[in-house]
Amino acid sequence: AAGVIQSPRHLIKEKRETATLKCYPIPRHDTVYWYQQGPGQDPQFLISFYEKMQSDKGSIPDRFSAQQFSDYHSELNMSSLELGDSALYFCASSHTGGQLPLNTEAFFGQGTRLTVV
Amino acid sequence: DAKTTQPNSMESNEEEPVHLPCNHSTISGTDYIHWYRQLPSQGPEYVIHGLTSNVNNRMASLAIAEDRKSSTLILHRATLRDAAVYYCILRIFSGSARQLTFGSGTQLTVLP
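Keep in mind it's a predicted model, so treat the numbers as computed, not measured.

(A) Summary view of the pattern of salt bridges. One pass over the full model with this rule turns up six salt bridges over all chains. Taking the shortest distance from any N to any O, the salt bridge between A:Asp85 and A:Arg63 comes out at 2.9 Å. You can see A:Asp85 sitting in the loop between β8 (74–78) and β9 (87–94) and its partner A:Arg63 sitting in the loop between β6 (53–57) and β7 (64–68), a full 22 residues away along the chain. The closest approach of N and O atoms between B:Glu45 and B:Arg37, which form a salt bridge, is 2.9 Å. Note on B:Arg37: relative accessible area 10%, which makes it buried. Within the structure, one salt-bridge network assembled from shared partners comprises A:Arg63, A:Glu82 and A:Asp85.

Set out below in structure tokens:
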């Protein structure tokens, strides 16, 4: 079965550069979530989209932005990168189909490991 | 999402059952209890979820206390591949509720 695909898997950037992470949700999934996981930390929710519209917002820095496109793929854009942005970034998707999202499961990708040097 | 409390770590022997507890004393009537796990260097993986009744699937069972203030994830026969961090998450009806908030989970070590 198709899973959530993230690209690239690894990315190395220098401080103050920009980075773009891509996420391709499972087909027919209507909700996309982004998470950041620093070394030894638990995943932190950044932002979510439902049907291409921004839905919930977590602890996403102002330097980061995200959007979901007409084909449902999503991109997380990070500017003015800092050393502290080095982390694993996960994307997840779920199909709610109009149900309460409380009763649905989320499927996570393998993540993008961003290293800022 | 509302707060949950889990032990930091637990150990189990291979092929024995494992009971992973979670306290969620502030749960309300519409909150769902979800469990995810994260193997090293991988994305979190859905395990199971429930509302009031106990739930079973191919991976695990979820036992929910009658007052719903606690729950237990049961792995019937632990294998080495079950070594992971297990997260108990309450999904609450707040705003659009399209977020999953991970707290500090339980690091499960499975001993051969």
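From this point on, the discussion continues.
(B) Representation of the interface of chain B and chain A in the model. In this complex, chain B contributes 25 residues to the contact, which on the side of chain A involves 24 residues. Overall, the association of chain B and chain A removes approximately 2,200 Å² of surface from exposure, summing both partners, and the carbon and sulfur fraction of that is 51%. Looking at the side of chain B facing chain A, the largest losses of area belong to B:Arg91, B:Arg98 and B:Phe102, adding up to 31% of the total buried there. Remark: the boundary between chain B and chain A carries zero salt bridges. Contributing elements (two or more residues each) for the side of chain B that touches chain A: β3 (32–38), β4 (45–50) and β8 (84–91) of chain B.

(C) Fine view of the packing of aromatic side chains. Residues and elements named next belong to chain A. The tally for this structure, following the rule as stated, stands at nine aromatic pairs over all chains. Ring centres of Tyr35 and Phe108 lie 5.5 Å apart, and the angle between their planes is 50°; this geometry places the pair in the tilted category. Taken together, the residues Tyr35 in strand β4 (residues 31–37) and Phe108 in strand β10 (residues 107–108) connect sequence positions 73 residues apart. According to the relative accessible area criterion, Tyr35 is buried, its value standing at 0%. Judged by relative accessible area, Phe108 falls into the buried class, the value being 11%.

(D) Main features of the sheet that holds strand β3 (residues 19–24) of chain A. Residue and element names in this part refer to chain A. Strand order across the open sheet formed by four strands is β1-β3-β8-β7, with antiparallel pairing between neighbours. Across the chains shown, the open sheet's two edge strands, defined by having one partner strand only, are β1 (5–7) and β7. With strand direction ignored, the average angle separating the axes of adjacent strands in the sheet is 15°. Across three bridges, β1 lies against β3 in antiparallel orientation. If you follow Ile5 over to β3, its bridge partner there is Tyr24.

(E) A look at the confidence of the model for chain B. On average, residues of chain B carry a pLDDT of 92, and 95% of them reach 70 or more. Within chain B, the lowest mean pLDDT, 94, falls on β8(B), and the highest, 98, falls on strand β6 (residues 61–64) of chain B.

(F) Expanded view of the pairing of β4(B). Residue and element names in this part refer to chain B. Summarising burial for β4: five of the six residues are buried, a large majority. In this sheet, β4 lies alongside β3 in antiparallel orientation, the contact comprising five bridges. What sits directly across from Arg37, in β4, is Glu45. Between the antiparallel neighbours β3 and β4 lie six residues, among them Ser41 with a positive phi of about 60°.

Thresholds applied
Residues numbered from 1 in each chain as written. Chains lettered and ligands numbered in written order. Predicted model: local features only at pLDDT ≥ 70, side-chain atom pairs only at ≥ 80, totals over all residues. Heavy atoms only, no water. Salt bridge = Lys/Arg side-chain N within 4 Å of Asp/Glu carboxyl O. Helix = DSSP H or I, 4+ residues; strand = E, 2+ residues; numbered from the N terminus. Buried < 20%, exposed > 50% of the residue type's maximum accessible area, 1.4 Å probe, protein only. Contact = heavy atoms within 4.5 Å. Buried area = accessible area lost by both parts, 1.4 Å probe. Phe/Tyr/Trp six-rings, centres within 6.5 Å; stacked < 30°, edge-to-face > 60°. Pairing = 2+ DSSP bridges. Axes fitted to C-alpha atoms, helices over the stretch in contact; angles between N-to-C directions. pLDDT = per-residue confidence, 0-100.

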